Amino acid sequence: MAVVSTGFIVFDLCLIIGAAFLAALVYFKHSYRYWKVKRVPYLEPTFPLGNDEYFFTKSATFAGEAKSWYDQLKARGHKFGGAWSFYRKVLVLVDPDYIRDVLTRDFHHFANRDMFANEKFDLQGCHLFNVRNSHWKPLRQKLTPTFTSGKMKMMFESVMQCCDHLVEHLEECAETGENIDSRKTLSSFTIDVIGSVAFGVDCNSFSKEESDFRKYANLFFRPNFLDYIRLLCLKLFPDLARKLRLKIGNTRRTKFFRDMVKQTIDHRIQFKVTRPDFLQLLINMNVERDGKEVLSFDQIVANTILFFVAGFDTPSTAMNFALFELARNPDLQEKARQEVRKVMGRNDGQTTYEGLREMTYVKQVLDESMRMYPPLLTLSRVCTKDYELRNTDIVIEKGTSVVISTLGLGRDPEYFPDPERFDPDRFSAEEKAKRHPYVHIPFGEGPRNCIGLRFGVMQSKIGLARILSNFRLSVSLKTKLRINLDKKLFLLKENEPIYLKAEKL
Ligand code: HEM
């Protein structure tokens, strides 16, 4: 009897799975007609991944695919085109005029990012990067004063102090002739910086092998198997996921940061301590106005975490590749060093806030590094109101995802001839004036661009200036000749470590 009923259960299960598969097949196949019906050029999809071929093996985001989508459409002479992520339609922008329309001119149709956000139940749904619809603008307005020139100047000293630890570390490596793991060294520096300016905490990243900060920060970028499954559900069924209160975040890492922010706020209130950091600016903002809080505790926590995560990895990527390229191009390295020394010479041998602005070649080095290796590989938006693409009769419907490949643009030979060659002169004022401004957008563009742009540039320039003025760098023999990029993450990384050698000057 038991064998018979088990047989029925298995049979029923197979029927249900088979029916679900068939229903999905029919639904997906129907979706795959979408761009053809609209007469939009498209990339041929395959069931069930659409054009998101690398989802399981390589990429949890559009990051890896976006460049290949860009290249394929560009090669066929299209200015835009359609693709699918599983059954969801995606519009891929190729032409910089359309990119400008979406990011800036017609921003009100594309104010949201295509990120899953659950504002009510997930701490990560209420930070600036993920927040949607009417929640975004007021939050952006509240946080913008955090990044004025006055505040940057205030944080300059904290960055310089963290730089002292970086220079000390490199001095030790230079003395012993040790190979320097460039990524690890620079992310220790940027973790120290952002720990200090975001939380007012000394992360001490150079003295500990793996600080708690580094451990939990890295968890944001290394999804495990369960994270993948969760991401898949969020991606495929966002509305259902919201109803089920699914969260993007890993609770362990969120708890770590939440507890730390709480302890820091309590400490500051109890002992009346104030510090020149982001957290303090958010606390100060949170005075009662007409009985209404400016920012809730959860918003303070979420945005401090966001500043930490957004602020440590991106500048370390920009600096990492800049140093790598300078190390293998000694003449360009010398040119940058001469500029740093000249500017420092005018300021009593010091790196000053004002002096940084005069380091235009160092900024060109940074720009060229972010052209070849944009820290954020794609920009994403979602259409929130039906929209007619300029000079066409094509209407992009509400709910359509839009993807822009910063890597695709940066490596496009039409804008950057011989794109694999590192050449900071591409970013001289004269060369820049010859190009469409939207082909180099490592910080995004328009009202929803990177809010931390000035801080990111400042800390990267300080780091580069201090390293170049103190050390001559070369690439260690331990570094692989060809560096492959790991495109499975939202943020760009190299697949194999870059090792450098430093010589004290
Ligand atoms: C080299 C350094 C950095 C790079 C390359 C970078 C890049 C980006 C990019 C590409 C975006 C998306 C823009 C768009 O969709 O148009 C972004 C958004 C953002 N970035 Fe950065 N970023 C950097 C540093 C920072 C720092 C230091 C912070 C904070 C301390 C920060 C905080 C943010 C935030 C909060 C957003 C979301 C803005 C919004 O949605 O309104 N970033 N960043």
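Just so we're clear, the structure is a prediction, and the values are computed from it rather than from any experiment. (Residues numbered from 1 in each chain as written. Predicted model: local features only at pLDDT ≥ 70, side-chain atom pairs only at ≥ 80, totals over all residues. Heavy atoms only, no water.)

## A closer look at the sheet that holds strand β8 (residues 471-475)
Thought 1: With respect to topology, three strands assemble into an open sheet ordered β3-β11-β8, the strand pairing being antiparallel. Lying at the two open borders of the sheet, with one neighbouring strand each, are β3 (180-181) and β8.
Thought 2: Where β8 and strand β11 (residues 499-504) come together, five bridges link them in antiparallel fashion. For R472, the partnering residue across the bridge sits in β11 and is E503.
Thought 3: Strands β8 and β11 of the sheet are contacted by helix α19 (residues 453-470), whose axis makes an angle of about 95° with β8. (Pairing = 2+ DSSP bridges. Helix = DSSP H or I, 4+ residues; strand = E, 2+ residues; numbered from the N terminus. Contact = heavy atoms within 4.5 Å. Axes fitted to C-alpha atoms, helices over the stretch in contact; angles between N-to-C directions.)

## Remarks on the UniProt feature "binding site: heme" (unreviewed entry) in the protein chain
Thought 1: Within the UniProt annotation, "binding site: heme" (unreviewed entry) is assigned to C450.
Thought 2: The residue C450 is located in the loop between α18 (429-433) and α19 in this model.
Thought 3: Not counting the four nearest positions on each side in its chain, C450 is found in contact with R140 and F443. (UniProt positions renumbered as here; feature names shortened; annotations may be inferred.)

## So, the environment of L500
Thought 1: Here L500 is to be found in strand β11.
Thought 2: Considering only alpha carbons, one finds L500 and K120, 380 residues apart in sequence, at a separation of 46 Å.
Thought 3: With near-sequence residues (within four places) excluded, L500 lies in contact with E178, N179, I180, S182, L323, F324, A327, S474, V475 and S476.

## Re the site of the ligand
Thought 1: Taken together, 29 residues sit near the ligand, with R113, R140, R381, R448 and C450 positioned nearest.
Thought 2: L128 places a main-chain nitrogen or oxygen 3.3 Å from an oxygen atom of the ligand.
Thought 3: For the ligand, an oxygen atom lies 2.9 Å from a polar atom in the side chain of R448.
Thought 4: Those elements that place two or more of their residues in the shell around the ligand are α5 (136-143), α13 (297-328) and β4 (378-382).
Thought 5: Examining the composition of the shell around the ligand, we find that six residues originate from one element, α13, more than from any other. (Near = heavy atom within 4 Å. Polar contact = N/O pair within 3.5 Å; in protein donor to acceptor, adjacent residues only side chain to side chain.)

## Comments concerning the pattern of salt bridges
Thought 1: Applying the stated criterion across every chain, the model contains 28 salt bridges.
Thought 2: Taking the shortest distance from any N to any O, the salt bridge between E334 and R337 comes out at 2.6 Å. Residue E334 and its partner R337 are located together in helix α14 (residues 330-345), separated by three residues, close to a single helical turn.
Thought 3: The class for E334 is partly exposed, based on a relative accessible area of 26%.
Thought 4: Connected through shared salt-bridge partners, K74, D412 and E414 make up one network. (Salt bridge = Lys/Arg side-chain N within 4 Å of Asp/Glu carboxyl O. Buried < 20%, exposed > 50% of the residue type's maximum accessible area, 1.4 Å probe, protein only.)

## So, the side chain of S476
Thought 1: Residue position: S476 is located in the loop between β8 and β9 (485-486).
Thought 2: Among the polar contacts made by the side chain of S476, one reaches the side chain of N179 at a distance of 2.6 Å.
Thought 3: In terms of polar contacts, S476 uses its side chain to reach the backbone amide nitrogen of K478, at 2.9 Å.
Thought 4: Not counting chain neighbours up to four residues away, the residues in contact with S476 comprise N179, Y499, L500 and K501.

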